[in-house]
Every structure is written in C-alpha cells, then in structure tokens.
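# Breakdown of the fold
The primary structure of each chain is shown beneath.
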Amino acid sequence: MVFRASLEKKEEKERVRAELMRAALRLGAAHGFAGLGLREVAREGGIAPTSFYRHFADMEELGMAIIRELAGRTLRGWGERAAAAVNGAMLPALVDAMLGAVARDPELLRFMVAERTGAASGFRALLRAELSLLSGSLQAALAGDEPGRLQPWAADAAVALLFDGCVRALDAPATSLPSLRAALIAALERLLARAPVLDTQTEREVYP
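Residues numbered from 1 in each chain as written. Predicted model: local features only at pLDDT ≥ 70, side-chain atom pairs only at ≥ 80, totals over all residues. Heavy atoms only, no water.

### Overview of the overall build of the protein chain
Counting its regular elements, the protein chain contains eight helices and three strands. Sequence-ordered secondary structure for the protein chain, helices as α and strands as β, is α-α-α-α-α-α-β-α-α-β-β. Taken over 208 residues, the protein chain has a buried fraction of 40%. Expressed as a percentage of contacts within the protein chain between residues at least 6 apart in sequence, the contacts between residues at least 24 apart total 61%. (Helix = DSSP H or I, 4+ residues; strand = E, 2+ residues; numbered from the N terminus. Buried < 20%, exposed > 50% of the residue type's maximum accessible area, 1.4 Å probe, protein only. Contact = heavy atoms within 4.5 Å.)

### Some thoughts on the pattern of salt bridges
Taken as a whole and assessed by the stated rule, the structure comprises nine salt bridges. When the shortest N-O distance is used, the salt bridge between Glu 130 and Arg 76 registers 3.9 Å. Here the residue Glu 130 occupies a position in helix α6 (residues 121-143), and Arg 76 occupies one in helix α3 (residues 59-84), the gap between them amounting to 54 residues. For Glu 130, a relative accessible area of 9% translates into the label buried. Owing to a relative accessible area of 41%, Arg 76 belongs among the partly exposed residues under this scheme. Several salt bridges converge on common partners, so that one network encompasses Glu 19, Arg 26 and Glu 44. (Salt bridge = Lys/Arg side-chain N within 4 Å of Asp/Glu carboxyl O.)

### Let's talk about helix α5 (residues 106-116)
Here α5 has its buried residues at Leu 108, Leu 109, Phe 111, Met 112 and Glu 115. Angularly, the buried residues of α5 cover 155° about the axis, an arc narrow enough to put them on a single face. (Arc of directions from axis to C-beta.)

### Thoughts on the packing of aromatic side chains
Across all of its chains, the model carries five aromatic pairs by this definition. Summarising the aromatic geometry, the rings of Phe 33 and Phe 111 are spaced 5.3 Å apart at their centres and angled 75° between planes, so their arrangement reads as edge-to-face. With a gap of 78 residues between them, Phe 33 in the loop between α1 (2-31) and α2 (38-45) and Phe 111 in helix α5 connect regions that are remote in the sequence. Comparing Phe 33 with Phe 111 shows no difference in burial state: the two are buried. (Phe/Tyr/Trp six-rings, centres within 6.5 Å; stacked < 30°, edge-to-face > 60°.)

### Considering the environment of Leu 62
Along the chain, Leu 62 falls in helix α3. Sequence-wise, Leu 62 and Met 21 are 41 residues apart; in three dimensions their C-alpha atoms are separated by 6.7 Å. Those residues in contact with Leu 62 that sit more than four places away from it in its chain are Leu 20, Met 21, Ala 24, Phe 33, Val 41, Phe 52 and Phe 56.

### Section: the nonpolar core
Ranked by size, the top nonpolar core spans 57 residues in total, and within it Phe 33, Val 41, Phe 52, Leu 62, Ile 66, Trp 78 and Leu 109 carry the most contacts. For this core, the elements supplying multiple residues, two or more each, are α1, α2, α3, α4 (90-104), α5, α6, α7 (152-170) and α8 (177-194). A per-element tally of this core places α3 first, with eleven residues. (Core = buried A, V, L, I, M, F, W, Y, C linked by side-chain atoms within 4.5 Å.)

### Digging into the environment of Arg 194
Mapped onto the secondary structure, Arg 194 falls in helix α8. Taking relative accessible area as the criterion, Arg 194 reaches 63% and is therefore assigned exposed. Note: C-alpha distance between Arg 194 and Ala 154 (40 residues apart in sequence) is 9.4 Å.

### Description of α3
Its 26 residues place the ends of α3 36 Å apart at the C-alpha level, agreeing with the 38 Å of an ideal helix rising 1.5 Å per residue. The N-cap residue of α3 is Asp 58: its side-chain oxygen and the backbone nitrogen of Glu 60 are 3.2 Å apart. (Expected span 1.5 Å × (residues − 1). Polar contact = N/O pair within 3.5 Å; in protein donor to acceptor, adjacent residues only side chain to side chain.)

### Remarks on the side chain of Thr 74
Among the structural elements, Thr 74 can be located in helix α3. Beyond its immediate stretch of four places on either side in the chain, Thr 74 contacts Ala 101 and Leu 108.

Shown next as structure tokens:
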C-alpha cells in the first residue's frame, strides 16, 4: 500500500507539472511568455500559487522545461521521421513532420518561434542547442553512404529554412498549406542541390 500511494503521488506530481507547462503555453500564446506571472499560470493550471514551487523554482525554470521536454521532443521527432524516410522522400517527410506539429500543437510552436529570438538569453541558447541537434540529424541523414559529407552550415541553413516555413504555417489558412508545403520542399531541394559537400580525401569543399 505504501508503494502504491508513493507511485500515485509521483504520477499526480508529474500530471500537475505537465499541466503547468501546458497552462503557460496556452496563456503565452495569447499574451506572450515573458509577461506571464507564476500566479496566473498556477491559476490556469488549477493549483494554488504556493504549490507552483513544488514543481518549478520560477518561471524561467518552467520555460526551460518546456524547451527541453516538449520542444526538444518535437524537434527530435522531425529528425527521426526524416531519417526513416526512403527513396528520396526525406525532405517531404521533414516538412510533413513540421506541418503536423503546427497542426497538433500550435501553442508550443508559437512559443518556440517567439523564444528563438526572444529576450531571454537562456531560452535562446537552449533552443539553439535543440535546433543544432536537428541540424546534425539532417546532416547525417543526407550523408547516407555518400563519400562526401554535407557541410554543417548547409544543414543549419536547411533547418533555418524549415523553421521559417513553420512561422508561415502558423498563421496560414488551411487552404494555402499544400502550396506552402510544395514551396518549402522546393526551396530545401534547391538549397541542398547547390550546397557543397566535404571531400573526405582532400578535406576540401566540392560543389555540385
């Protein structure tokens, strides 16, 4: 009975913690994360303000958790979907993963877009690290069995292009999403077709 009670208590704490992150995203989508106070987030999450501190030290720690646990998982999912694609379908799979995330979780994507260039340096740095991991996944997936290797800056440019597409998708009407998808895939194809690879024998960039 003691073990069961402890497990239920842990599960409840995790549920409340997750709800606080979601509450912050809901409120932040309307008012901006920077202007939120822990009292209103606690109220939106259905707990007393004093109980907030059982889960996060402050709003900054809550924001960092959103980036690590929610944004990071989303970006890793994009990379995994692209890496699993076959027969030249990697770029469409990557774009579809992004558009799917926008449709499923627009509040999270709005947070990511805002904090990527927001005032909080810690948020910017952590998001930059997560985007760098996506860039690395893209670089590895594109390299495949080729003797040359896509340069990191080219993979970074592809991720930036994808993220810009995310910004456009957030406010685009549903009817325009197919054309946005096609334009984004075409832009990624053009970028990567012109990007140099690194010749592993000479360590020099080679252009197509």
